[in-house]
Amino acid sequence: MPKARMPKRRVAMLAAAGLLIGTCAAVAVAGSSGDNGAAAGTAQAAAPAADGTAVAAAPTGEAAPSPSGSASASASASASASATPSGSPTGARPSSAAPSGASQAPSAPAARTDTSPVFTGLAFDTCTAPALSVMTAWHGTSPYGAAAVYIGGRNRGCAQPQLTAGWVKAVTAGGWRLIPLYVGAQAPCQSGASPYRIDAANPGPQGTADGQDAVAKAGALGMRAGSAIYLDVEAYNASDAACGQAVVGYVQGFTRALRQAGYTAGFYGYASSSAAGIAKAVEQRTPDLPDAVWYAKYDGVADTTSSFPFGAGLWSGHRRGHQYVVNQKETYGGSALTVDRDAWDGPVAVVG
């Protein structure tokens, strides 16, 4: 999480699992610092190059260095910046429906015909949407072709003075793809101080209400039906089965609301907890779960395949994002930002 986003999170819980976590939620939760929480002992950052490629360096004992606009390209982990309608052969979302008793590997429950555009390449996220001048300076000079923006949610932690319908239209016209993120209710067993929690006794309707709010927020920004919206669920105690069940119920309600409005349901979570809980539910054929996943796994590997922490059949077909490094101060076109790096191969917003 970028500087000045919110108080640093405790690292104790997830450090034991060998994983630092972070995202732009409203308040501290169990885990590391926010999206800027890279620490010593993690894998060295993959350095993005100006053409959108990235090299996954071997693990070191040092924090990842900030890249420069002159970083060299490598063929070892290419990330081409392109956008393709999901209805095309490259962006098609395969059906996950399986006959009773079938032995095929489980896949995401997304037998959908939506036309969400797909972006493939490097993306960044930062808590407060940057000024239009910064976005203009970064486009074409940085390796990034997409940016995540926090469109709403009662646990959203940063003010958004730049994030207006005019800003969305302008940055999209300037060549950027946008990834909408909504910080809704958090797990009832979360050890942090998030003020808005999932009601374990009634999670589905609560998720539906928040999903409807996410749709309204996206629409007000000019992100129309067909857009993907990613629900941000922070880390929680994955060993608490009842808590995990409440999260799944909430996510189901959120997913239903988005689909009913013609939006694609995405999910952001941690490979060791929140995303793992949703992946397990998908494997169990639980209905009404997200069409795309954005997982936080800080291994410095800038891809969505070799680093993917779940079954290979889950969310295949251009439906993944990977937050692989956090808290990187980078300067392009004379403008500096502290960002988290994401390898992206999944649906994004439709603007216009």
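Quick note: structure is the one above.
The rules behind each value
- Residues numbered from 1 in each chain as written.
- Predicted model: local features only at pLDDT ≥ 70, side-chain atom pairs only at ≥ 80, totals over all residues.
- Heavy atoms only, no water.
- Phe/Tyr/Trp six-rings, centres within 6.5 Å; stacked < 30°, edge-to-face > 60°.
- Helix = DSSP H or I, 4+ residues; strand = E, 2+ residues; numbered from the N terminus.
- Buried < 20%, exposed > 50% of the residue type's maximum accessible area, 1.4 Å probe, protein only.
- Lys NZ or Arg CZ within 6 Å of the ring centre and 35° of its normal.
- Disulfide = S-S within 2.5 Å.
- Salt bridge = Lys/Arg side-chain N within 4 Å of Asp/Glu carboxyl O.
- Contact = heavy atoms within 4.5 Å.
- Arc of directions from axis to C-beta.
- Pairing = 2+ DSSP bridges.

Chemist: I'd like to hear about the packing of aromatic side chains, residue by residue, with values.
Modeler: Inspection of every chain in the model, using the stated rule, returns 14 aromatic pairs. Measuring from ring centre to ring centre gives 5.6 Å for Phe-124 and Tyr-144, while their planes differ by 65 degrees; the resulting arrangement is edge-to-face. Pair noted here: Phe-124 is in strand 4 (residues 117-125) and Tyr-144 is in strand 5 (residues 144-152), with a separation of 20 residues, a long-range link. Pair check on accessibility: Phe-124 and Tyr-144 agree, each one buried. Here the aromatic rings of Tyr-144 and Tyr-332 are separated by 6.4 Å at their centres, their planes lie at 80 degrees, and the arrangement is edge-to-face. Here Tyr-332 lies in strand 10 (residues 320-332) and Tyr-144 lies in strand 5, a separation of 188 residues in the sequence. Assigned by exposure class, Tyr-144 and Tyr-332 land together as buried. Taken together, the ring pairs in this structure connect Phe-124, Trp-138, Tyr-144, Trp-176 and Tyr-332 into an aromatic cluster. Geometry around Tyr-196 places Arg-154 over its ring, the cationic atom sitting 3.8 Å from the centre.

Chemist: Quick one: what's the story with the state of the cysteines, residue by residue and with numbers?
Modeler: Across all of its chains, the model carries 2 disulfides by this definition. The side chain of Cys-127 participates in a disulfide bridge whose partner is Cys-158; the two sulfur atoms lie 2.1 Å from each other. Looking down the S-S bond of the Cys-127 and Cys-158 bridge, the torsion is 110 degrees, so its handedness is right-handed. A residue pair is termed long-range when its members are at least 10 positions apart, and Cys-127 in the loop between strand 4 and helix 2 (132-138) and Cys-158 in the loop between strand 5 and helix 3 (165-173) qualify at 31 residues. Side by side, Cys-127 and Cys-158 carry an identical accessibility label, which is buried. A sulfur-sulfur separation of 2.0 Å characterises the disulfide bridge that pairs Cys-189 with Cys-243. Taking the sign of the S-S torsion, -80 degrees for the link of Cys-189 and Cys-243, the bridge is left-handed. Here the residue Cys-189 occupies a position in the loop between strand 6 (177-182) and helix 4 (203-220), and Cys-243 occupies one in helix 5 (residues 241-260), the gap between them amounting to 54 residues. Judged by its relative accessible area of 2%, Cys-243 is buried.

Chemist: Now, about the pattern of salt bridges: what can you tell me, with residues and values included?
Modeler: Counted by the stated rule, this structure contains 5 salt bridges. One salt bridge connects Asp-213 with Lys-217, and the closest N-O pair in it is separated by 2.6 Å. Of this pair, Asp-213 and Lys-217 both sit in helix 4, 4 residues apart, which is roughly one turn of that helix. Owing to a relative accessible area of 33%, Lys-217 belongs among the partly exposed residues under this scheme.

Chemist: Give a detailed account of the environment of Val-171, specifying residues and quantitative values.
Modeler: Within the secondary structure layout, Val-171 lies in helix 3. Residue Val-171 is classed as buried on the basis of its relative accessible area of 1%. Through-space distance from the C-alpha of Val-171 to that of Ala-131 is 9.8 Å; in sequence the pair is 40 residues apart. Setting aside its immediate chain neighbours within four residues, Val-171 contacts Leu-132, Met-135, Trp-176 and Leu-178.

Chemist: Could you give me a rundown of helix 3, with the residues and numbers involved?
Modeler: Among the residues making up helix 3, those that are buried are Trp-167, Val-168 and Val-171. One face of helix 3 carries all of its buried residues, which in axial projection span an arc of 100 degrees. Away from the buried face of helix 3 by more than 90 degrees, exposed residues Lys-169 and Ala-173 are located. Against helix 2, strand 5 and strand 6 lie the buried residues of helix 3. One or two residues past the end of helix 3 sits Gly-175, with phi positive at roughly 110 degrees.

Chemist: Tell me what's going on with the pairing of strand 11 (residues 335-347), and back it up with residues and numbers.
Modeler: In terms of residue burial, strand 11 counts as a mostly covered element, since 12 of its 13 residues are buried. As paired elements, strand 4 and strand 11 share 8 bridges and run antiparallel to each other. In the sheet register, Ala-123 faces strand 11, and the bridge partner there is Asp-342. Two strands pair when backbone bridges link them, and strand 10 and strand 11 are joined in this way by 10 bridges, in the antiparallel orientation. Its bridge partner lying in strand 11, Gln-328 is registered against Val-339.

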